Amino acid sequence: MVDETVARLPIHNHGSELLEVVLEPYGRDYHLRSDETLIVHTAGTTRESEPFGVDFHPDFIQVHFNGAVGWVTGPDGNELDCGHQRP
């Protein structure tokens with residue numbers, strides 16, 4: 001069964017350094033400054049209770065979406081481009 005509901009995963013940078021978030025399987029990177037938030041979305045999830053997998057690495061966070069599509073927005077709902085705030 002495919003769930004057509006859109007799942008959301010907010011990520012907030014509480015640190016003082018730039019935080020890299022990588023969206024897989026696309027390999028798209030996004031960077032958050034201190035006190036910024038982005039939201040990862042997915043739809044068409046094939047794992048109803050697991051729309052996302054998250055791996056924490058020393059220098060970045062890797063988010064795997066378990067849906068047909070995945071995208072990233074700011075808190076205002078506007079889609080962010082790959083490389084957002086890349087140094």
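Structure first, text after, so check above.
Residues numbered from 1 in each chain as written. Predicted model: local features only at pLDDT ≥ 70, side-chain atom pairs only at ≥ 80, totals over all residues. Heavy atoms only, no water.

Chemist: What exactly am I supposed to notice about the nonpolar core here?
Modeler: General note: in soluble globular proteins, nonpolar side chains tend to be found buried as a group. I11, V21, L38, V40, V63 and V72 are the most contacted members of the largest nonpolar core, which has 15 residues in total. Contributing elements (two or more residues each) for this core: β1 (7-12), β2 (19-24), β3 (28-32), β4 (37-43) and β6 (60-65). Leaving out residues up to four positions away in the same chain, L38 has contacts with L9, P10, I11, V21, Y30, L32, V72, T73 and L80. (Core = buried A, V, L, I, M, F, W, Y, C linked by side-chain atoms within 4.5 Å. Buried < 20%, exposed > 50% of the residue type's maximum accessible area, 1.4 Å probe, protein only. Helix = DSSP H or I, 4+ residues; strand = E, 2+ residues; numbered from the N terminus. Contact = heavy atoms within 4.5 Å.)

Chemist: For this particular structure, what's the right way to read the pairing of strand β5 (residues 52-56)?
Modeler: On a regular strand, each side chain points to the face opposite its neighbour's, so the side chains alternate between the two faces of the sheet. The pairing of β5 with β6 spans five bridges and is antiparallel. Bridging across to β6, V54 finds its partner in V63. As consecutive antiparallel partners, β5 and β6 are separated by three residues. (Pairing = 2+ DSSP bridges.)

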